[in-house]
Amino acid sequence: MMNAMKDARTDLKGMPLPELEEFFRSRGKERYRTRQVSRWLYRKFAEEFSTMTDLSRDFREEMETMCRISSPPAEKVELSLDGTEKVLFRLEDGEGVESVLIPEKSRRTLCVSTQAGCALSCVFCATGASGFRRNMTSAEIIHQVCFAGRRLAERGERLTNVVFMGMGEPLENVPEVSRAIDILLSQYGFGLAGKRVTVSTAGIIPAMRDLADRYPVSFAVSLNAASEEVRSRLMPVNRRYPLRDLIAAMRGIPLRNGCKVTAEYVLLSGVNDTPADARALARLLSGARIKVNLIPVNPHDQGDFRPPSPASEERFRDILVAGGVQTITRERRGADIRAACGQLRGAPAGPRERGKSPLRAIASSKNP
Ligand code: SF4
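Given the structure is predicted, the values throughout are model-derived calculations rather than measurements.

Asks: Hey, could you go over the overall build of the protein for me, with residue numbers and the actual values?
Replies: Looking only at helices and strands, the protein features twelve helices and 14 strands. For 368 residues, the compact-globule estimate of 2.2 N^0.38 gives 21 Å, and the protein sits close to it at 21 Å. With the principal axes as the frame, the protein shows a C-alpha extent of 70 × 45 × 40 Å. Within the protein, the proportion of its 368 residues that are buried is 55%. When contacts within the protein are restricted to residue pairs at least 6 apart in sequence, those whose partners lie at least 24 apart make up 68%. Accessible area for the protein stands at about 16500 Å²; split by element, carbon and sulfur atoms hold 51% of it.

Asks: Before we move on, can you summarise the pairing of strand 3 (residues 74-79) with the specific residues and values?
Replies: Taken together, the five bridges between strand 3 and strand 4 (residues 85-90) define a ladder with antiparallel strand orientation. What sits directly across from Leu79, in strand 4, is Glu85. Connecting the antiparallel pair strand 3 and strand 4 is a turn made up of five residues, with Gly83 showing a positive phi of about 95°.

Asks: Any chance you could break down the nonpolar core for me, citing the residues and the numbers?
Replies: Of all hydrophobic cores here, the largest spans 112 residues; its most connected members are Leu12, Phe124, Phe164, Phe190, Leu223, Leu234 and Met250. Broken down by element, the residue count for this core peaks at seven residues, all from helix 5 (residues 138-154). Residues lining this core come from more than one domain, with at least three contributed by each of domain 1 (11-68) and domain 2 (74-366). With residues up to four places along the chain from it excluded, the contact list for Leu223 reads Arg231, Met235, Leu243, Leu246, Ile247, Met250, Ala263, Glu264, Leu281 and Leu285.

Asks: Break down the domain arrangement of the protein for me, with residues and values.
Replies: Accessible area lost upon the coming together of the parts serves often as the stated size of an interface. When cut into domains, the protein gives domain 1 (11-68) and domain 2 (74-366). Here the C-alpha centroids of domain 1 and domain 2 sit 33 Å apart. Listed per partner, the contact involves 17 residues of domain 1 and 18 residues of domain 2. Contact between domain 1 and domain 2 buries roughly 1500 Å² in total, counting both sides, with carbon and sulfur atoms accounting for 59%. Sorting the residues of domain 1 by area buried against domain 2 places Lys13, Tyr42 and Phe45 first, and these three jointly supply 37% of that buried surface. Our count for the contact surface shared by domain 1 and domain 2 stands at two salt bridges. Across the salt bridge formed by Arg68 and Glu92, the nearest N and O atoms sit 2.8 Å from each other. Here domain 1 and domain 2 share eight residue pairs in polar contact (both at pLDDT 80 or more) between them. Going through the elements one at a time, helix 1 (17-26) and helix 2 (32-42) are the ones with two or more residues in the side of domain 1 that touches domain 2. The element contributing the most residues to the side of domain 1 that touches domain 2 is helix 2, with five residues. A breakdown of the residues in the side of domain 1 that touches domain 2 according to their chemical character gives seven nonpolar, two polar and eight charged.

Asks: I'd like a description of the packing of aromatic side chains, backed by residues and values.
Replies: Applying the stated criterion across every chain yields a total of six aromatic pairs. Ring geometry for Phe45 versus Phe190: centroids 6.4 Å apart, planes at 25°, classification stacked. Taken together, the positions of Phe45 in the loop between helix 2 and helix 3 (57-66) and Phe190 in the loop between helix 6 (174-185) and strand 10 (197-201) put the pair 145 residues apart, joining distant regions of the chain. Like Phe190, Phe45 is buried. Ring centres 5.2 Å apart and planes at 90° place the aromatic pair Phe89 and Phe147 in the edge-to-face group. Of the two residues, Phe89 is situated in strand 4 and Phe147 in helix 5; the sequence distance between them amounts to 58 residues. Take Phe89 and Phe147: they sit in the same class, and that class is buried. Chaining the aromatic ring pairs together yields one cluster made of Phe23, Phe24 and Phe59. The aromatic ring of Trp40 is capped on one face by Lys44, whose charged end is 4.1 Å from the ring centroid.

Asks: For helix 3, give the residues involved together with the corresponding values.
Replies: Three or more residues of helix 3 are buried, namely Phe59, Arg60, Met63 and Met66. Across the axial projection of helix 3, the buried residues extend over an arc of 135°, all falling on one side. Opposite the buried face of helix 3, by more than 90 degrees, sit the exposed residues Arg57, Asp58 and Thr65. Against strand 1 (10-11), helix 1, helix 2 and strand 2 (67-68) lie the buried residues of helix 3.

Asks: Break down helix 7 (residues 205-214) for me, with residues and values.
Replies: The set of residues buried in helix 7 consists of Ile205, Ala207, Met208, Leu211 and Ala212. Axial view of helix 7: buried residues confined to an arc of 160°, hence all on one face. For helix 7, the secondary structure elements touched by its buried residues are helix 6, strand 10, strand 11 (218-222) and helix 9 (243-251).

Asks: Pulling in residues and values, what's your account of unusual backbone geometry?
Replies: With phi around 60°, Phe45 is a residue other than glycine that occupies positive phi space. By relative accessible area, Phe45 is classed as buried at 11%. For Ser121, which is not a glycine, the phi torsion comes out positive at approximately 55°. Relative to the helices and strands, Ser121 is located in the loop between strand 7 (115-117) and helix 4 (126-129). Ser121 gets classed as buried once you look at its relative accessible area, which sits at 16%.

Cut-offs applied
Residues numbered from 1 in each chain as written. Predicted model: local features only at pLDDT ≥ 70, side-chain atom pairs only at ≥ 80, totals over all residues. Heavy atoms only, no water. Helix = DSSP H or I, 4+ residues; strand = E, 2+ residues; numbered from the N terminus. Rg over C-alpha atoms; globule rule 2.2 N^0.38 Å. Buried < 20%, exposed > 50% of the residue type's maximum accessible area, 1.4 Å probe, protein only. Contact = heavy atoms within 4.5 Å. Areas by Shrake-Rupley, 256 points an atom, 1.4 Å probe, with all protein chains shown as cover. Pairing = 2+ DSSP bridges. Core = buried A, V, L, I, M, F, W, Y, C linked by side-chain atoms within 4.5 Å. Domains from an automatic or database assignment. Buried area = accessible area lost by both parts, 1.4 Å probe. Salt bridge = Lys/Arg side-chain N within 4 Å of Asp/Glu carboxyl O. Polar contact = N/O pair within 3.5 Å; in protein donor to acceptor, adjacent residues only side chain to side chain. Nonpolar A, V, L, I, M, F, W, Y, C, P; charged D, E, K, R; others polar. Phe/Tyr/Trp six-rings, centres within 6.5 Å; stacked < 30°, edge-to-face > 60°. Lys NZ or Arg CZ within 6 Å of the ring centre and 35° of its normal. Arc of directions from axis to C-beta.

Pasting the structure below:
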């Protein structure tokens, strides 16, 4: 029904700048129009051509007839006690996706979604438990950034970092994620430095190598285990791209001076948080430019996983540090509004929700 009513005009949002230039060129427009319009889209976050006041009225009216600027509505904005903001967007086909804006000292980091749902079924993740619905378009991905940029600008603030770490596996949606990265890094887009854009992946090795060759962005890899066996149980994608190959690929990512790849490690009490796990992880990462980000699991209503005790967490970190691995524990943000890592779902549970979670099986197999 909604698709039948879809607006046929060309959507300018999410169009990489060379494409936007070609769009104007093929319609006989001057080259500078690209810069002019993209500044309005990505620096002033315009959603209507009528607000582009330094463009002639004739040009604005012509634009109105042939193009549009998609802006899916924010259906719900939730504010956490710690200042984290979660926004639920309702997309044109009715799908719901979420982004999370995290303020920390001088940083304003936006965590964006790239898929409605996710097919990878990591067992500790609420998004994975809701199943895969579809890939998001670059317009839908970039709209989350525009929306946050506009909200921050209203307070006299600016977005400093973007992480592709929301709902979905970005590297299962490479074409649209690439288009979004083009706009984030472009001088006439958001103009962000590569080190301020992080792509988080569950370990889709060929796509990670491809993206690392094309963009100077940072990578965070969701590792979560130091053995093939545990990782395969936590993350079914490990059967496609095994841990040993993944670590080799992480070691091979080209890095600027002083930069490291991040290994995300969700700590699950009694599953992957023993001293033996920590020692095995330290051995795996030995000598690599990889730092570890420890994330005590955020409980959500899909499962029984619990975070380790503070003492176990500290012991785990100490073993890694003693093994020469730079390690930080991620501060939990937005947990009271279910905006923390692994808690995003995008919409109230629908009919696609799985009847049975695999969580109990995993937790019980490690907790006899
Ligand atoms: S952790 Fe990431 S890759 Fe795994 S199921 Fe959740 S969204 Fe998908």
